[in-house]
Amino acid sequence: MKRVRIGVAGATGYSGQELLRIAARHPHVEIAVAMASSSSRGIRQLPALAGLWDGSIEPFSIDALAADVDVAFLGFPESVSAEIAPALLARGVRVFDLSGAFRLRDSNARQRWYPKTPVLNTTAVYGLTEWNRPAIRDARFVACPGCYPTAALLALQGLTSVGVVSIDSDIYIDAKSGISGAGKKPTERTHFSERHGNVAAYGIFAHRHGAEIEQELQHPVTFVPHLVPLDRGILETIYVRLTPGATEASVRDALETAYPDAPFIRLTGDVLPEIKNVVNTNFCDIGWKVDGHRLVLVVCLDNLVKGAAGQAFQNFNVAYGLDERTGLL
Ligand SMILES: NC(=O)c1ccc[n+]([C@@H]2O[C@H](COP(=O)([O-])OP(=O)(O)OC[C@H]3O[C@@H](n4cnc5c(N)ncnc54)[C@H](OP(=O)(O)O)[C@@H]3O)[C@@H](O)[C@H]2O)c1
């Protein structure tokens, strides 16, 4: 297969650098251009990728990007994606957007959580790879899921979709994330002295990833994110009630049935997942414990890989009919 010419925009960001790291080793990709913001800092290099990818980061220009590539990966803040993604699509570029700008389909929810997102004629395909392969195959526009929703949905969807989790169960998602989830620009909440030696909950009933999880799950959830003093990785502990008669074997059967050919899902059963086992990989590890009608799931992934750049390339592989693992294993 001829190499696909891709552009990485937002390439100096945490997820953008991961996009380049994967693209540099991907056998069917040619990195035609990498861009960051159009600030006056001129051409930049990425020391972390020296020897792997020695290209230059250019100031952002939509004309240069659209002229040079078949596919654009966008690692922008969502307000920037909201403007740039539609313009690229209009110029015939296939877009894999890492931001949340186009993930929510309900117009009221979108208005509430992503007010800068314009109304488009086309709907982006929600790029949760394991659950949406047929639509991703034909998609010109993929909205890659958020990092927290990826973990929650991969753990829950295989159970709610077959009724192993009780329809009237409350679903509690207690989530912990490393600080890179907030991007590279430090804020009062995220800078080192605030986070070192500290753990804090935030965004209770007020985090847009809650809306995204509910959209895909079609079930209300209580989503409570926490920041923990790690640079990367997400661990979610999820509490649900099983349908009467369901057992540990039903949970195992449902998850094994949901993921028969999913190279990046590792079902660990009662060996509970830990962040250190998934960091720098595209794996999502799912473990569980059952006691009577109570089910606790524990799920882990790397927010910058399976939660961002890795999943974007998994979707790219599906879209181009490649083995899903290409460039990722
Ligand atoms: N971090 C995660 O774990 C994660 C996971 C899943 C999805 N996401 C989503 O992925 C996107 C990127 O996240 P991130 O954490 O990688 O962000 P980040 O570290 O803050 O990087 C943002 C990138 O966008 C560029 N940029 C900012 N404003 C721009 C503008 N006006 N025009 C052009 N480029 C601009 C920045 O360039 P400069 O260097 O020039 O400022 C930088 O390259 C976000 O939408 C985020 O919600 C992030």
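Around the ligand sit 27 residues in total, of which Thr-12, Ser-15, Ser-37, Phe-76 and Lys-184 are the nearest. In isolation the ligand exposes 910 Å². Once the protein is present, 82% of that is buried. Looking at the shell around the ligand, the elements with two or more residues in it are α1 (14–25), α3 (78–90) and α10 (305–319). Grouping the amino acids of the shell around the ligand by side-chain chemistry returns 11 nonpolar, 12 polar and 4 charged.

Strands sit in the order β2-β1-β3-β4-β6-β5 across an open sheet of 6 strands; the sheet is parallel. Single-partner strands in this sheet number two, and they are β2 (29–35) and β5 (125–126). Relative to strand β6 (residues 141–143), strand β4 (residues 94–97) runs parallel, the two being bridged by 3 bridges. Bridged to Asp-97 within β6 is Ala-143.

Quick look at the side chain of Ser-169 now. As for its position among the elements, Ser-169 is in the loop between α6 (147–160) and β7 (172–177). Overall, the relative accessible area of 3% leaves Ser-169 in the buried class. Once you skip the residues sitting within four places of it in the chain, Ser-169 turns out to touch His-219, Val-240 and Arg-241.

For the structure shown, the criterion picks out 18 salt bridges. The salt bridge involving Arg-21 is made with Glu-18; its shortest N-O contact spans 3.5 Å. Of this pair, Arg-21 and Glu-18 both sit in helix α1, 3 residues apart, which is roughly one turn of the helix. Classification of Arg-21 as partly exposed rests on a relative accessible area of 25%.

Moving on, we get to the packing of aromatic side chains. Considering all chains together, one arrives at 11 aromatic pairs under this definition. Summarising the aromatic geometry, the rings of Trp-131 and Tyr-259 are spaced 6.0 Å apart at their centres and angled 85° between planes, so their arrangement reads as edge-to-face. With Trp-131 in helix α5 (residues 129–138) and Tyr-259 in the loop between α9 (248–258) and β11 (265–269), this pair connects stretches of sequence that are 128 residues apart. With a relative accessible area of 30%, Trp-131 lands in the partly exposed category. On the numbers, 5.1 Å between centres and 70° between planes, the contact of Tyr-148 with Phe-223 is edge-to-face. Of this pair, Tyr-148 sits in helix α6 while Phe-223 is found in strand β9 (residues 222–227), placing the two residues 75 residues apart along the sequence. Residue Tyr-148 is classed as buried on the basis of its relative accessible area of 2%. Residue class for Phe-223 comes out buried when judged on its relative accessible area of 4%. The structure contains a cluster of three or more aromatic residues connected by ring pairs, namely Phe-73, Phe-96, Phe-313, Phe-316 and Tyr-320. When the ring centre of Tyr-320 is taken as reference, the NZ or CZ atom of Arg-94 above it lies at 4.8 Å. Between the NZ or CZ atom of Arg-266 and the centre of the ring of Phe-283, over which it lies, the distance is 3.9 Å.

Attention now goes to the domain arrangement of the protein. Split into domains, the protein comes out as domain 1 (4–123) and domain 2 (147–303). At the junction of the two partners, domain 1 supplies 13 residues and domain 2 supplies 13 residues. Summing both partners gives a buried area of about 1100 Å² for domain 1 against domain 2, and 47% of it is carried by carbon and sulfur. Ranking the residues of domain 1 by area buried against domain 2 places Tyr-14, Arg-103 and Trp-113 at the top, with a combined share of 48%. At the surface where domain 1 touches domain 2, the tally comes to 4 salt bridges. In this structure, Arg-208 engages Glu-78 in a salt bridge whose closest nitrogen and oxygen atoms are separated by 2.8 Å.

Another point: α1. Each α-helix turn comprises 3.6 residues. Residues three or four places apart therefore point the same way. For α1, which comprises 12 residues, the first-to-last C-alpha distance of 18 Å matches the rise-based estimate of 16 Å (1.5 Å per residue) to within 8%. Within α1, the full set of buried residues consists of Ser-15, Gly-16, Gln-17, Glu-18, Leu-19, Leu-20, Ile-22 and Ala-23. The inward-facing, buried residues of α1 contact β1 (4–9), β2, β3 (71–74) and α10.

What follows is about the packing of α1 against α10. Angle between the axes and distance between the axes are the two parameters that describe a pair of packed helices. Viewed as axis vectors pointing N to C, α1 and α10 meet at an angle of 40°, and their least axial separation amounts to 9 Å. Put simply, α1 runs oblique to α10. As α1 runs across α10, the sense of the crossing is right-handed. On α10, the residues touching Ser-15, Glu-18, Leu-19, Ile-22 and Ala-23 of α1 are Val-305, Ala-308, Ala-309, Gly-310, Ala-312 and Phe-313. When the residues that make up the contact of α1 with α10 are grouped by side-chain class, the tally is 8 nonpolar, 2 polar and 1 charged.

Right, let's talk about the packing of α6 against α9 for a bit. Close contact between α6 and α9 brings their axes to 8 Å; oriented N to C, the two are set at 110°. As summarised for this structure, α6 and α9 are arranged roughly perpendicular, according to the angle between their axes. Residue-level contacts link Ala-155, Gly-158 and Leu-159 of α6 to Val-251, Ala-254, Leu-255 and Ala-258 of α9.

What counts and how
Residues numbered from 1 in each chain as written. Predicted model: local features only at pLDDT ≥ 70, side-chain atom pairs only at ≥ 80, totals over all residues. Heavy atoms only, no water. Near = heavy atom within 4 Å. Areas by Shrake-Rupley, 256 points an atom, 1.4 Å probe, with all protein chains shown as cover. Helix = DSSP H or I, 4+ residues; strand = E, 2+ residues; numbered from the N terminus. Nonpolar A, V, L, I, M, F, W, Y, C, P; charged D, E, K, R; others polar. Pairing = 2+ DSSP bridges. Buried < 20%, exposed > 50% of the residue type's maximum accessible area, 1.4 Å probe, protein only. Contact = heavy atoms within 4.5 Å. Salt bridge = Lys/Arg side-chain N within 4 Å of Asp/Glu carboxyl O. Phe/Tyr/Trp six-rings, centres within 6.5 Å; stacked < 30°, edge-to-face > 60°. Lys NZ or Arg CZ within 6 Å of the ring centre and 35° of its normal. Domains from an automatic or database assignment. Buried area = accessible area lost by both parts, 1.4 Å probe. Expected span 1.5 Å × (residues − 1). Axes fitted to C-alpha atoms, helices over the stretch in contact; angles between N-to-C directions. Parallel < 35°, antiparallel > 145°, perpendicular 65-115°, else oblique. Left-handed = near helix turned anticlockwise from the far one by under 90°.

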